Amino acid sequence: MRAIPISKLKCKAWPPFSLSRSCSHMASVAEPPPSTLVDEFTKFCYQRDLPRAMTAMEAMQRRGLWADSLVYSELVKCCLARRAVQQGKLVHKHVFSNGYRPKTFLTNIFINMYVKFGLLEEAQSLFDEMPERNVVSWTTMISAYSNAKLNHKALESLVLMLREDVMPNSFTYSSVLRACDGLWYLKQLHCSIIRVGLESDVFVRSALIDVYSKLGELHNALGVFNEMVTGDLVVWNSIIGAFAQNSDGDEALNLFKRMKGAGFAAEEATLTSVLRACTVLALLELGRQVHVHAVKYGQDLILNNALLDMYCKCGSLEDANSVFTRMVEKDVISWSTMIAGLAQNGFSQEALRLFEQMKISGTKPNYITILGVLFACSHAGLLEDGWYYFQNMKQLFGIDPGREHYGCVIDLLGRAGKVDEAARLIQEMECEPDAVTWRTLLGACRVHRNVDLAAYAAKQVLKMDPDDAGTYILLSNIYANSQRWEDVAEVRKSMRARGVTKEPGCSWIEVDKQIHAFIMGDDSHPQIDEINRQLSLLVDRLMGMGYVPDTNFVLQDLEGEQREVSLLSHSEKLAIVFGIMSLSKGRTVRIRKNLRICGDCHIFAKLVAKMEERVIVIRDPIRYHHFQDGVCSCGDYW
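So, how was this worked out
- Residues numbered from 1 in each chain as written.
- Predicted model: local features only at pLDDT ≥ 70, side-chain atom pairs only at ≥ 80, totals over all residues.
- Heavy atoms only, no water.
- Core = buried A, V, L, I, M, F, W, Y, C linked by side-chain atoms within 4.5 Å.
- Buried < 20%, exposed > 50% of the residue type's maximum accessible area, 1.4 Å probe, protein only.
- Contact = heavy atoms within 4.5 Å.
- Domains from an automatic or database assignment.
- Helix = DSSP H or I, 4+ residues; strand = E, 2+ residues; numbered from the N terminus.
- Pairing = 2+ DSSP bridges.
- 1 Å grid on protein atoms, 1.4 Å probe; cavity = no way out; pocket = protein on both sides within 12 Å on 5 of 7 lines; lining within 4 Å.
- Points joined across faces, edges and corners; volume = space filled by probe spheres on them.
- Nonpolar A, V, L, I, M, F, W, Y, C, P; charged D, E, K, R; others polar.

(A) Focus on the nonpolar core. By size, the foremost hydrophobic cluster in this structure holds 164 residues, and its most contacted members are F41, V91 and L441. Residues within four places of V91 in sequence aside, it is in contact with M54, M57, Y72, L75, V76, C79 and F110. The next biggest cluster of nonpolar side chains, apart from the first, holds 31 residues, and it includes L538, F578, C598 and A609.

So this is what it looks like as structure tokens:
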């Protein structure tokens, strides 16, 4: 039986009515005539009046009437909008009653309805019963499998679809690409896309770029992008986002410049990716320029969260707080970003106060929120509070502790000098400790001069990361400070045997929208002679204040005077001096480092900040250091 268009419907009944005049009269009193009943049902569906539409449908069911497929599609939309699962099932039952078989179009509507309700089994059952399946049917199921992370089912369905001679379209490939969790599958799909001539489709290209980048194949992602002239902002957003998400901020910004040069205007997605690139590179001034463009998008939550993250990770808590305060809508990401940002920048008490406000607001904390809280407790030395939150995070917030949470508590115990307790906690971890966990313990042992435990922690790190030059050097210096020269020689021998060399220290500073990089031992900067001269003058002034270079933080195989000269060539010292030379009085000097700041440079930065009446912010891979008035936000523990 096929559906009858309303325009041609006079009165079609199933089964045919055969009533007496009196019975017909009585029925007409109880219910309107068939044509009127279908007309009313149609009106209620288009008006999205779900209760009255369902009542009319029940009357139609009793009299064996059906409306046009388009009308039912409107009713299904209404059910979806109201999350009316039971009503949606009743509509399905009505349409398929008495052996009635709707067109493929309407069956696809019902499959999509079940998918959106999260009822994948019902969708699969209806799909399997279809006598004829078209590209929409297959694509709906493939998309559902991809969203449900049933990657094997999605890929298998594409093969079955091709066997039924149904040609995939751009939406099919865009959906199945998301199911690729391996490079081999991705390359097979890429070849298939080229064979059917869909490689130039905007959505397919965008999906290819996204998946290549998620698999770390940025070269292939850029190859897809460069294959043809890009005439769509979606593809630009994908390639810029790919490099930004993979921490290649330089290339992301280069692509952004190319996009602007090609005449494309940035939108929310573009600006979010560019902000991520600024975050990776700690480019505060460029981030502020992006903020100017973001203002026109007002209260876009994702964009505001990206701004928050950028300001926090560039060390500008004033700007971050300004954005956070103005946000009308805040989600768990907003709160967590601000709490973690305050904690990482040394503003622990502010972070904990904000956490209390978050709980009052009714926003449920997540994994990252608790990480920020524990980090704040660690920096503030709040051992009891940190231990309480760690022990009760599952009970209080429904969050199982992960490696990062353990790392924060190990750091907290280490700050308190409880290195043995920290070591025991590592042994009791529910998850396997990684190299970062052991490095945290190693750092605590360095501060508290626990040589034997330091040696044990270092060995655990090197088991997992045998080429970690920093661990070799730190262990060598710990031994040297304890006069254990044989152990020093053994560590150095191991380094030479593995061919491990120390990564040169590098520091970046942004001045007048230009990035200036300083590498230890590299004199290529055009102003290096003047920088070295100013550095020598500055050191002389500091020595007058009692500064003595701490040679414990250089390789112990250098002789006395060489060791002091080596300290002067540390990249962060060069960057600090260049910042003071280049930035007007009162401007904050902001520096990004690739290696952890050494103890001597830490002392140097504190003294310079006090003498020059400057704020110096140094972001290394471990912590953020805010130097002001002769103190550091890290509490001299790093």
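(B) Structural detail: the domain arrangement of the protein chain. Looking at the protein chain, the domain boundaries give domain 1 (34-132) and domain 2 (507-632). When each unit is reduced to the centre of its C-alpha atoms, the spacing between domain 1 and domain 2 is 71 Å.

(C) Seen up close, the pairing of strand β5 (residues 624-628). Within β5, 4 of the 5 residues are buried, leaving the element largely enclosed by the surrounding structure. As defined by bridge partners, strand β4 (residues 616-619) adjoins β5 across 4 bridges and the pair is classed as antiparallel. Bridge assignment links V617 to a residue of β5, and that residue is H626. Between β4 and the antiparallel strand that follows it, β5, lie 4 residues. Here β5 pairs with strand β6 (residues 631-632) via 2 bridges, running antiparallel. Note on β6: the bridge partner recorded for Q628 is V631.

(D) Representation of the layout of surface pockets within the structure. The computed volume of the second largest pocket comes to approximately 750 Å³. If you go around the second largest pocket, you meet 30 residues; those closest to its centre are L253, L281, L283, L286 and I515. Contributions of two or more residues to the lining of the second largest pocket are made by α15 (249-261), α16 (268-281), α17 (284-294), β1 (506-511), β2 (514-519), β3 (589-593) and β4. The element contributing the most residues to the lining of the second largest pocket is α15, with 7 residues. Grouping the amino acids of the lining of the second largest pocket by side-chain chemistry returns 15 nonpolar, 6 polar and 9 charged.

(E) Looking closely at the environment of T501. Assignment of secondary structure puts T501 in the loop between α29 (485-498) and β1. Considering only alpha carbons, one finds T501 and A469, 32 residues apart in sequence, at a separation of 6.1 Å.

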